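Inside the fold
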Amino acid sequence: CLNEVKLLNAIGFDLEIELPFPYVYKFKEAFINKINIDKIEELVKIAENFINDSFRTEVSLYYPPIIIALS
């Protein structure tokens, strides 16, 4: 796997991938004082599960990470 990364990097393949997780955590910080802490943790867990499931489909190819996080 490390050799594959080196090869892709050598031919100029973009290895910088933006993920939806940072957006979810920013939303959590924004709403932490407005929603019950137990509810916000539950929502974050649901969002993380949705994001992980979205990687099994082509959703991440069609939509930017912030849209996936918002959904």
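See above for the structure.
The present account deals with the structure reproduced in this document.

Procedures and definitions
- Residues numbered from 1 in each chain as written.
- Predicted model: local features only at pLDDT ≥ 70, side-chain atom pairs only at ≥ 80, totals over all residues.
- Heavy atoms only, no water.
- Salt bridge = Lys/Arg side-chain N within 4 Å of Asp/Glu carboxyl O.
- Helix = DSSP H or I, 4+ residues; strand = E, 2+ residues; numbered from the N terminus.
- Buried < 20%, exposed > 50% of the residue type's maximum accessible area, 1.4 Å probe, protein only.
- Phe/Tyr/Trp six-rings, centres within 6.5 Å; stacked < 30°, edge-to-face > 60°.

Bringing the pattern of salt bridges into the picture now. On inspection of all chains with the given rule, the structure shows two salt bridges. Here Glu41 makes a salt bridge to Lys28, at a shortest N to O gap of 3.0 Å. Here Glu41, found in helix 3 (residues 37-54), pairs with Lys28, found in helix 2 (residues 21-31); they are 13 residues apart in sequence, far enough to count as distant. Judged by its relative accessible area of 37%, Glu41 is partly exposed. Ionic pairing is found between Asp53 and Arg56, a salt bridge with its closest N-O pair at 3.8 Å. Looking at Arg56, the relative accessible area reads 73%, which means it is exposed.

On to helix 1 (residues 2-10). Helix 1 sits mainly on the outside: zero of its nine residues count as buried. Positive phi shows up at Gly12, right after helix 1, with a value of about 90°.

Applying the stated rule across the entire model yields one aromatic pair. Measuring from centroid to centroid gives 6.5 Å for Phe21 and Phe55, while their planes differ by 55°, and the two rings are tilted. Taken as a pair, Phe21 in helix 2 and Phe55 in the loop between helix 3 and helix 4 (59-62) lie far apart in primary sequence, 34 residues in all. Owing to a relative accessible area of 18%, Phe21 belongs among the buried residues under this scheme. Judged by relative accessible area, which is 37%, Phe55 ranks as partly exposed.

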